[in-house]
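What the coordinates show
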Amino acid sequence: MPALEVATRSGRVVALDQKAVRAFGETLDGQLIQPGDAAYDDARQIWNAMIDRRPALIARCASSRDVQRAVAFARESDAVLAVRGGGHNIAGNAVCDGGLVVDLSAMKRVDVDPGARRARVGPGATLGDFDAAAQRHGLATPLGINSTTGVAGLTLGGGFGWLTRQYGMTVDNLTSADVVTADGEVAHASPDEHADLFWAIRGGGGNFGVVTNFEFALHPVGPEVFSGLVVFPLAQGRRVLEGFRDLTSSLAEDTNVWAVMRKAPPLPFLPESAHGSEIVALALFSTAGAEAGERLAAQVRGFGSPLGEHVGMQPYAAWQQAFDPLLTPGARNYWKSHNFRELGDGVIEQALTFASRLPSPQCEIFIALVGGQAARPAPDATAYAHRDANYVMNVHGRWETAAEDRPGVAWAREFFDATAPYAAGSVYVNFMTEDEGARVGSAYGPNLPRLKDVKRRYDPDNVFRLNQNIDPRA
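I will try to describe carefully the structure that is included in this document. (Residues numbered from 1 in each chain as written. Predicted model: local features only at pLDDT ≥ 70, side-chain atom pairs only at ≥ 80, totals over all residues. Heavy atoms only, no water.)

1. Topic: the sheet that holds strand 8 (residues 118-121)
Put simply, the rule reads: In this description, strands pair whenever DSSP reports at least two bridges between them. Numbering goes from the N terminus for both helices and strands, where a helix is a DSSP run of H or I of at least four residues and a strand is a run of E of at least two. Only the stretch in contact is used when a helix axis is fitted, and all axes are lines through C-alpha atoms; the angle between N-to-C directions ranges over 0 to 180 degrees. It only takes one pair of heavy atoms within 4.5 Å for two residues to be counted as in contact.
Reading across from one edge, 7-8-12-10-11 is the order of the five strands in this open sheet, with antiparallel pairing throughout. One side of each edge strand has no neighbouring strand; the edge strands of this open sheet are strand 7 (110-113) and strand 11 (186-189). Each strand axis lies, on average, 10° off the axis of its neighbour in the sheet, ignoring direction. Here strand 10 (residues 174-180) runs beside strand 12 (residues 210-217); their pairing, made up of six bridges, is antiparallel. Each bridged residue has a counterpart across the sheet, and for Leu 174 the counterpart in strand 12 is Phe 216. Across the face of the sheet, helix 4 (residues 127-135) comes into contact with strand 7, strand 8 and strand 12 while running at roughly 30° to strand 7.

Structure (structure tokens):
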């Protein structure tokens, strides 16, 4: 019987006997997938097509027990271990070459208790799964903006979106979690149990274990909200971004506005002559009702002469899916990101310059407004430390072919460097690519020493290292 070669954490490649592999697979409630299996190629694919890795084994888990067995197998065999939730992480840490992938994508259950305003969410659930279940009761919690994003990865890095100004970061709404730690045991992490672990998973990424259950606080939202886009030509960009800056400096917390610079997609409310041209789009969101929303839209229209708009009341869950067509899986993606306390003239100038020379029709620069309730907690209240970040900018490089990698990556890096003098010096960990390990200090900020202490306690051998890693030995 042929042996299976597995990459180890010590850097060697070792052979596993197929009998041991088969015995492991037979313990699973889910499925063990190997190279050559019909499901293998689909199972190893993730959202970012730049990542093309071939794991030795993929354990598609169906239960918390499966996760425990997989972590134990990885420890016993010294195998490199990757953890996949939604598979949406830009760095591609959900899959590894030659190691074991703990695939949580089948664990998608979402249970909502409308009376208690709580949701229990499986680690394979997407934002769309969560929103659909919670919105049946007119409830929501702050999540991201793309419905195919995994709840697990989003949450572990901090999490922000349209509701963040009103209800805080995603981690501010996490009330407890069940975590399979490196010793294969399950720790219930909450303010009262394993409080140090609970603190660390709220922004420290996947460094501390595999979360098999999240519990969130929910808030009344919708079912309809005011939302939509007002689109301007890039030629009016300076006036529009200056208006955006002035508006967002004093915006009510039940309202949010983001700026996006890109080439216009063929949206039906834009004239055909504008399709493919450079634009600045302001995305509007408010839970304050139609009248307040219309006042917001009127103010935004005054920033220039819009090419078109589509705003009004619509289901919250629909707005959460509005950007999905621009973020489909299968494209090659490379990101760079900065946090900003304010948008100075220098940032605006550089954004307009680089938006005028996008290397592909799918590239974009977006500036997300946070602040509000997200700024209320102290920097050390959770592992997510960047409470002074009022704006998060993502330089989103995206294209279809490997031939476009070099110019696309160069564009993103040049813009990143040009805006660095104006930035806060911190970064949102979920927006970091795989080549940014040197920015770990910027990602975790002043909380890094405490995170290292928690890492040494729960994962001293660095079993969970495929992430923006907190090395316990450093």
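2. Comments concerning empty space enclosed by the protein
Operational definition: The distinction between a cavity and a pocket rests on a 1 Å grid over the protein atoms alone: a 1.4 Å probe fits inside a cavity but cannot get out, while a pocket stays open yet meets protein on both sides within 12 Å along at least five of seven lines, and a residue with an atom within 4 Å of a point counts as lining. Grid points are joined across faces, edges and corners, and a volume is the space filled by probe spheres set on the points. Three residue categories are used. Nonpolar comprises Ala, Val, Leu, Ile, Met, Phe, Trp, Tyr, Cys and Pro, charged comprises Asp, Glu, Lys and Arg, and polar comprises the others, including Gly.
In total, this model carries two cavities of 30 Å³ or more according to the counting rule given. Lining the second largest cavity are Gly 157, Gly 203, Ala 383, Tyr 384, Ala 385, His 386, Val 427, Tyr 428, Val 429, Ala 443 and Tyr 444. Across the lining of the second largest cavity, the residue classes break down as eight nonpolar, three polar and no charged.

3. Digging into the pairing of strand 18 (residues 332-340)
In plain terms, the rule: For every residue, the accessible area obtained with a 1.4 Å probe (protein chains only) is divided by the maximum for its type, and the residue is called buried under 20%, exposed over 50%, and partly exposed between those limits.
With nine of nine residues buried, strand 18 lies mostly within the body of the structure. Residues Arg 332, Tyr 334, Lys 336, His 338 and Phe 340 of strand 18 are buried on one face, and the alternating residues Asn 333, Trp 335, Ser 337 and Asn 339, pointing to the opposite face, are buried as well.

4. Digging into the packing of helix 1 (residues 18-27) against helix 3 (residues 64-77)
Geometry of a packed helix pair, given as the angle between the helix axes and the separation of the axes. Going by this rule: Put simply, angles under 35 degrees are roughly parallel, angles over 145 are roughly antiparallel, angles from 65 to 115 are roughly perpendicular, and the rest are oblique. Here a crossing is called left-handed whenever its near helix is offset anticlockwise from the far helix by less than a right angle, and right-handed whenever the offset is clockwise.
Viewed as axis vectors pointing N to C, helix 1 and helix 3 meet at an angle of 160°, and their least axial separation amounts to 10 Å. The pairing of helix 1 with helix 3 is recorded here as roughly antiparallel in orientation. Seen along the crossing, helix 1 lies across helix 3 with a hand that is right-handed. Contact residues: helix 1 offers Ala 20, Phe 24 and Thr 27, while helix 3 offers Asp 66, Arg 69, Ala 70 and Phe 73. Considering only residue class, the contact of helix 1 with helix 3 consists of four nonpolar, one polar and two charged.

5. Some remarks on the nonpolar core
Here is the rule: The criterion is simple. A nonpolar core is a set of buried Ala, Val, Leu, Ile, Met, Phe, Trp, Tyr and Cys residues joined through side-chain atoms within 4.5 Å.
Among the nonpolar cores identified, the biggest contains 118 residues, and Phe 130 and Leu 282 are the most heavily contacted of them. A per-element tally of this core places strand 16 (residues 278-286) first, with seven residues. Other than its neighbours up to four places away in sequence, Leu 282 contacts Gly 228, Leu 229, Val 230, Phe 232, Val 240, Phe 244, Val 257, Trp 258, Ala 259, Val 300 and Phe 303.

6. Examining helix 9 (residues 290-301)
Under the convention used in this document: A helix is expected to reach a length of 1.5 Å times the quantity of its residues less one. What the arc covers is the set of directions going from the helix axis to the C-beta atoms.
With 12 residues, helix 9 extends 16 Å from end C-alpha to end C-alpha; this agrees with the ideal 16 Å at 1.5 Å per step. When we look at burial in helix 9, the residues that qualify are Gly 293, Leu 296, Ala 297 and Val 300. Buried residues of helix 9 fall within an arc of 100° about the axis and therefore sit on the same side. Summarising the geometry of helix 9, the exposed residues directed more than 90 degrees from the buried face are Glu 291 and Arg 295. On its buried face, helix 9 sits against strand 14 (224-233), helix 8 (237-248), strand 15 (255-263), strand 16 and strand 17 (308-315).

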